[in-house]
Amino acid sequence: MSRPARVLVVEDDDALREALCDTVEYGGCEPLAACNGAEALRVLDKRSVDLVISDVQMDVMDGHTLLREVKGRKPHLPFVLVTAHGSVEKAVEAIRDGATDYLLKPFEAEVLLEMVSRLAVPAAEDTGCMIAEDPVSINVRELLDRVAGSSATVLITGESGVGKEVVARHVHHKSDRSEKPFVAINCAAIPEPMLESMLFGYEKGAYTGAHQSRAGKFEQANGGTLLLDEISEMDLGLQAKLLRVLQEKEVERLGGNTLIPLDVRVLATTNRDLRLEVSAGRFREDLYYRLNVFPVHIPPLRERPGDILPLAVQQLRSHAEGRSLYLDRDAELKLLGYSWRGNVRELDNCMQRAAILTGGNCISAQHIYFEDTLGMELPEQATPAADGASGLTHRAPSAAADACREPEGSLLNGGLKDRERQLIVDALKTVGGKRKDAAEMLGISPRTLRYKLAKLKEQGISVPAAG
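Only a predicted model underlies this, so the values are computations on that prediction, with no experimental measurement involved.

### A few points about the overall build of the chain
Within the chain, the regular secondary structure consists of 20 helices and 16 strands. Residues classed as buried in the chain amount to 51% of the 467 residues present. Contacts spanning at least 24 positions in sequence make up 72% of the contacts within the chain whose residues lie at least 6 apart. When the accessible surface of the chain is split by element, carbon and sulfur atoms take 49% of a total near 21700 Å².

### What about the side chain of Arg-214?
Here Arg-214 shows up in strand E9 (residues 214–215). Side-chain polar atoms of Arg-214 contact the side chain of Asp-101, separated by 2.3 Å. If sequence neighbours within four positions are ignored, Arg-214 has contacts with Asp-101, Glu-114, Met-115, Arg-118, Gly-201, Tyr-202 and Arg-253.

### Observations concerning the sheet that holds strand E3 (residues 51–55)
Taken together, the five strands give an open sheet; going across it, the order is E2-E1-E3-E4-E5, and neighbouring strands pair in parallel fashion. At either end of the open sheet lies a strand with only one pairing partner, and these are strand E2 (30–34) and strand E5 (101–104). Taken over all neighbouring pairs, the strand axes of this sheet differ in orientation by 20 degrees on average, direction set aside. Pairing analysis gives four bridges linking strand E1 (residues 6–10) to E3, with the strands arranged parallel. Within the sheet, the bridge partner assigned to Val-7 lies in E3 and is Leu-51.

### Topic: the packing of helix H8 (residues 192–200) against helix H10 (residues 236–248)
Axes are the key here: two packed helices are described by the angle between their axes and the distance separating the axes. Between H8 and H10, whose axes approach to 11 Å, the crossing angle comes to 10 degrees. Our classification of the angle between H8 and H10 gives roughly parallel. Contacts between H8 and H10 involve Glu-192, Leu-195, Glu-196, Leu-199 and Phe-200 from the first element and Leu-238, Lys-241, Leu-242 and Val-245 from the second. Tallied by class, residues from the contact of H8 with H10 come to six nonpolar, no polar and three charged.

### Structural notes on the sheet that holds strand E6 (residues 154–157)
In sheet architecture, strand pairing relies on hydrogen bonds along the backbone and comes in two forms, parallel and antiparallel. As summarised here, the arrangement of the five strands in space is E7-E10-E13-E6-E14, forming an open sheet in which the pairing is parallel. A strand with exactly one partner marks an edge of an open sheet, and here the two such strands are strand E7 (182–186) and strand E14 (294–297). Each strand of the sheet is rotated relative to its neighbour by a mean of 20 degrees, with strand direction disregarded.

### What to know about the environment of Leu-32
Residue placement: Leu-32 occurs in strand E2. Residue Leu-32 is classed as buried on the basis of its relative accessible area of 5%. The spatial distance from the C-alpha of Leu-32 to the C-alpha of Arg-6 is 7.0 Å, given a sequence separation of 26 residues. Not counting chain neighbours up to four residues away, the residues in contact with Leu-32 comprise Arg-6, Val-7, Leu-8, Val-9, Cys-21, Val-43, Arg-47, Val-49 and Lys-434.

### Concerning the confidence of the model for the chain
When pLDDT is averaged along the chain, the result is 82; 84% of the residues meet or exceed 70. In this model residues 124–128 is a low-confidence stretch, pLDDT under 50, and it forms nine contacts with partners more than four residues away in sequence or in other chains. Within the model, pLDDT remains below 50 along residues 375–415, and this stretch shows 65 contacts once partners closer than five positions in the same chain are excluded.

### A look at the layout of surface pockets
For the second largest pocket, the calculated volume is near 320 Å³. Ser-151, Thr-153, Leu-246, Lys-249 and Val-264 are, among the 14 residues lining the second largest pocket, the residues nearest its centre. The residue inventory of the lining of the second largest pocket, partitioned by class, reads seven nonpolar, two polar and five charged.

### Notes on the environment of Pro-191
If you trace the backbone, Pro-191 turns up in the loop between E7 and H8. When its relative accessible area of 23% is taken as the criterion, Pro-191 is described as partly exposed. Each C-alpha atom of the pair Pro-191 and Glu-233 lies 9.7 Å from the other, and the pair is 42 residues apart in sequence.

### Some points on the pairing of E1
Regular strands have side chains that alternate between both faces of the sheet. Most of E1 is tucked away: five of the five residues are buried. Taking every second residue as pointing to the same face, both faces of E1 are buried, with Arg-6, Leu-8 and Val-10 on one and Val-7 and Val-9 on the other. Relative to E2, E1 is paired through five bridges, and the arrangement is parallel. In the strand pairing of E2, Val-10 is matched with Ala-34. In terms of handedness, the path from E1 via helix H1 (residues 14–26) over to E2 forms a crossover that is right-handed.

About the thresholds
- Residues numbered from 1 in each chain as written.
- Predicted model: local features only at pLDDT ≥ 70, side-chain atom pairs only at ≥ 80, totals over all residues.
- Heavy atoms only, no water.
- Helix = DSSP H or I, 4+ residues; strand = E, 2+ residues; numbered from the N terminus.
- Buried < 20%, exposed > 50% of the residue type's maximum accessible area, 1.4 Å probe, protein only.
- Contact = heavy atoms within 4.5 Å.
- Areas by Shrake-Rupley, 256 points an atom, 1.4 Å probe, with all protein chains shown as cover.
- Polar contact = N/O pair within 3.5 Å; in protein donor to acceptor, adjacent residues only side chain to side chain.
- Pairing = 2+ DSSP bridges.
- Axes fitted to C-alpha atoms, helices over the stretch in contact; angles between N-to-C directions.
- Parallel < 35°, antiparallel > 145°, perpendicular 65-115°, else oblique.
- Nonpolar A, V, L, I, M, F, W, Y, C, P; charged D, E, K, R; others polar.
- pLDDT = per-residue confidence, 0-100.
- 1 Å grid on protein atoms, 1.4 Å probe; cavity = no way out; pocket = protein on both sides within 12 Å on 5 of 7 lines; lining within 4 Å.
- Points joined across faces, edges and corners; volume = space filled by probe spheres on them.
- Right-handed = clockwise from strand over helix to strand, strands pointing away.

Right, here's the structure in full:
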């Protein structure tokens, strides 16, 4: 699964920095924060980011200096300058120095979200092809390959976390539009007024801070593919406007009066039963039939066990941080014996935890923590009989795999509370102290994490400060 885009927000005003980060997160991106240019450079040394948004007037290191430093290190990284004292001349100077764009205060959240969605594009992590080694998944992929060659609208359904966006990217990659843009927008992450402007675009002056016209997602995807992710969460009023665009194959920007012709292949995803949503009056029937030209259902991970280990290997690669991580046989059996209610997303969280816990390259069973076992006794390992039922073959444990197990006196073989404490602390360090991100990584609720942190503090244990 592709990770969300990371946006580094550099602002010395605490309240404004928090508001900007909240807006960025609201748009489905992962915000990172810095209070000045010097701190921003330290963040960039440790984390990869996809976009920098920086204020101009700051102590220690201002935005223009930061821009020059960033462009010297990462010349292709998009960089947006924000200023309350800007002018056209200053903006031109910033663009000449390498800024991708600029924002003049004050500006509406819609303007910021549009800019983030346009510029913050995660680095490609794969070719767009889906992993399919289980017979069930192979059948689905063959079906997708056949429909990819057509122009039909595809409605992709499945539980949350099964990898519907990966499937959509596969369809685009296999189509004759593969060299054209693939543009995705999460309909659940953005409120209706903002979603409308991001979909259809806006003309200059449509909002406060809209100093120039912007193309919406439909225009950005022209000639290519537009993914409407979690389409069932779209407001009924916006559904009617979307239906018109799909029927007429033309769009009109907000604040404009010109119709722009479109050539866009539309894909949509949902984790709901849209027929039930139609019956309940929450989804338009005419839009349902417009989208449901070619329905494809993605089975949950528990129904395609042959995909578990290949997906785990791929995810470990993305969390390796330069290491060559691999699973020993006990770890493989343990993964195969779990139900994966959170599907591929839960598996990815589990692999990230395992990458944190192992001190070497080998992931063994003691490094595998499921979201319902944090702070509890680990469940029994899956038996060979259960493994045999999956139809997979496994290599025998090697001497290297046996050697990678932790020594008897290690932290992980110590008390259960010690293991839990280390897991929490490592997770917080990984996400820069962000409680919400740490809770998601650990597979527990933010409330549970706050409770556990309070207990640690009562014991005098130091934990990373909140980010």
